[in-house]
Amino acid sequence: DAKTTQPPSMDCAEGRAANLPCNHSTISGNEYVYWYRQIHSQGPQYIIHGLKNNETNEMASLIITEDRKSSTLILPHATLRDTAVYYCIVRVSNGANNLFFGTGTRLTVIP
Amino acid sequence: KAGVTQTPRYLIKTRGQQVTLSCSPISGHRSVSWYQQTPGQGLQFLFEYFSETQRNKGNFPGRFSGRQFSNSRSEMNVSTLELGDSALYLCASRQTGASFSNYGYTFGSGTRLTVV
């Protein structure tokens, strides 16, 4: 599975949109982009995933560039409870079930 | 429905001992994976079980082993504990089958193991 690159940390004001970038320039055509987050001392929580189209669910939106070399996770109205480490992962559909988490982005939502 | 349940939540063991951790997946989830999380190495994949068979294994020594039962519950065992085995051990489950091949994993809250 391809590796990803994320900024180590970001701040966001409460109520504003948080835009978390991820670079996956070596992504293959059959690899999906997944986002998870981990709040301190809890297990990672699945957020969203996509292949090439933009996706939206109740938690977030995922914007994938046309060349699929990067993506952005958008939390439309960040709250203090969104403070967490966010991981961007690429994985082949039906591939080995070993997620490579990397170091992620530590998002701090500021009141 | 109930989430992924891991027991115990906290555990303290002495170096050289062995430990068994338990994971009950979400009902209907047949794939169970285990991860180790430490401050230095981050989240690392240990192994994955499906239908009572280990399907994939990470780069860990043979002291780390696991198994899965017919009801999909899984256990992992670490023998001859070392100080460096102190970590948060996380279990994740997932639905399987073509319709669910892209679904995300659901993680438990983990077992925090401290080796002294």
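Coordinates for the structure precede this section.
Read on for a plain summary of the structure.

Conventions we followed
Residues numbered from 1 in each chain as written. Chains lettered and ligands numbered in written order. Predicted model: local features only at pLDDT ≥ 70, side-chain atom pairs only at ≥ 80, totals over all residues. Heavy atoms only, no water. Salt bridge = Lys/Arg side-chain N within 4 Å of Asp/Glu carboxyl O. Helix = DSSP H or I, 4+ residues; strand = E, 2+ residues; numbered from the N terminus. Buried < 20%, exposed > 50% of the residue type's maximum accessible area, 1.4 Å probe, protein only. Disulfide = S-S within 2.5 Å. Pairing = 2+ DSSP bridges. Contact = heavy atoms within 4.5 Å. Axes fitted to C-alpha atoms, helices over the stretch in contact; angles between N-to-C directions.

The final tally for this structure, using the stated rule, is five salt bridges over all chains. We note a salt bridge from A:Arg37 to A:Asp82, for which the minimum N-O separation is 2.8 Å. Highlighted residues: A:Arg37 in strand 3 (residues 31–38) and A:Asp82 in the loop between strand 7 (70–75) and strand 8 (84–92), separated in sequence by 45 residues. No difference in accessibility class separates A:Arg37 from A:Asp82, as the two residues are buried. In this structure, B:Arg73 engages B:Glu75 in a salt bridge whose closest nitrogen and oxygen atoms are separated by 3.4 Å. Several salt bridges converge on common partners, so that one network encompasses B:Arg63, B:Glu82 and B:Asp85.

Turning next to the state of the cysteines. Residues and elements named next belong to chain A. The tally for this structure, following the rule as stated, stands at two disulfides over all chains. Disulfide pairing places Cys 22 opposite Cys 88 at an S-S distance of 2.1 Å. Since a negative S-S torsion denotes a left-handed disulfide, the Cys 22-Cys 88 link at about -80° is left-handed. Taken together, the positions of Cys 22 in strand 2 (residues 18–23) and Cys 88 in strand 8 put the pair 66 residues apart, joining distant regions of the chain. With respect to burial, Cys 22 and Cys 88 carry one shared label: buried. Sulfur of Cys 12: no disulfide; nearest cysteine sulfur belongs to Cys 22 and is 18 Å away. Residue class for Cys 12 comes out buried when judged on its relative accessible area of 8%.

For the rest of this paragraph, the subject is unusual backbone geometry. A negative phi angle characterises most non-glycine residues, just as the trans form characterises most peptide bonds. All names here are of chain B. For the bond running from Thr 7 to Pro 8, omega is -10°, close enough to zero to count as cis. Look at Glu 52: it is not a glycine, yet its phi comes out positive at around 65°. Inspection of the secondary structure puts Glu 52 in the loop between strand 5 (42–50) and strand 6 (53–57). By relative accessible area, which is 48% here, Glu 52 ends up partly exposed.

A few words now on the sheet that holds strand 5 (residues 55–56) of chain A. Within a sheet, neighbouring strands are paired by backbone hydrogen bonds and run either parallel or antiparallel to one another. Residues and elements named next belong to chain A. If you walk across this open sheet you meet the four strands as 2-7-6-5, and the pairing is antiparallel. The two strands at the open ends of the sheet, each matched to only one other strand, are strand 2 and strand 5. Here strand 5 pairs with strand 6 (residues 61–64) via two bridges, running antiparallel. Residue Thr 56 lies in a different strand from strand 6, and its bridge partner there is Ser 61.

Moving on to the side chain of B:Thr38. Residue and element names in this part refer to chain B. Inspection of the secondary structure puts Thr 38 in strand 4 (residues 31–38). Take Thr 38: its relative accessible area is 13%, and that puts it in the buried class. The contacts of Thr 38, once residues within four sequence positions are left out, are Ser 86 and Ala 87.

It is worth spelling out the sheet that holds strand 1 (residues 5–7) of chain B at this point. Residues and elements named next belong to chain B. The four strands lie next to each other as 1-3-8-7, forming an open sheet whose pairing is antiparallel. Whereas interior strands pair on both sides, the edge strands pair on one side only; in this sheet they are strand 1 and strand 7 (64–68). Within the sheet, the average angular offset between the axes of one strand and its neighbour, ignoring direction, is 20°.

By themselves, these are just geometric observations and shouldn't be taken as functional.
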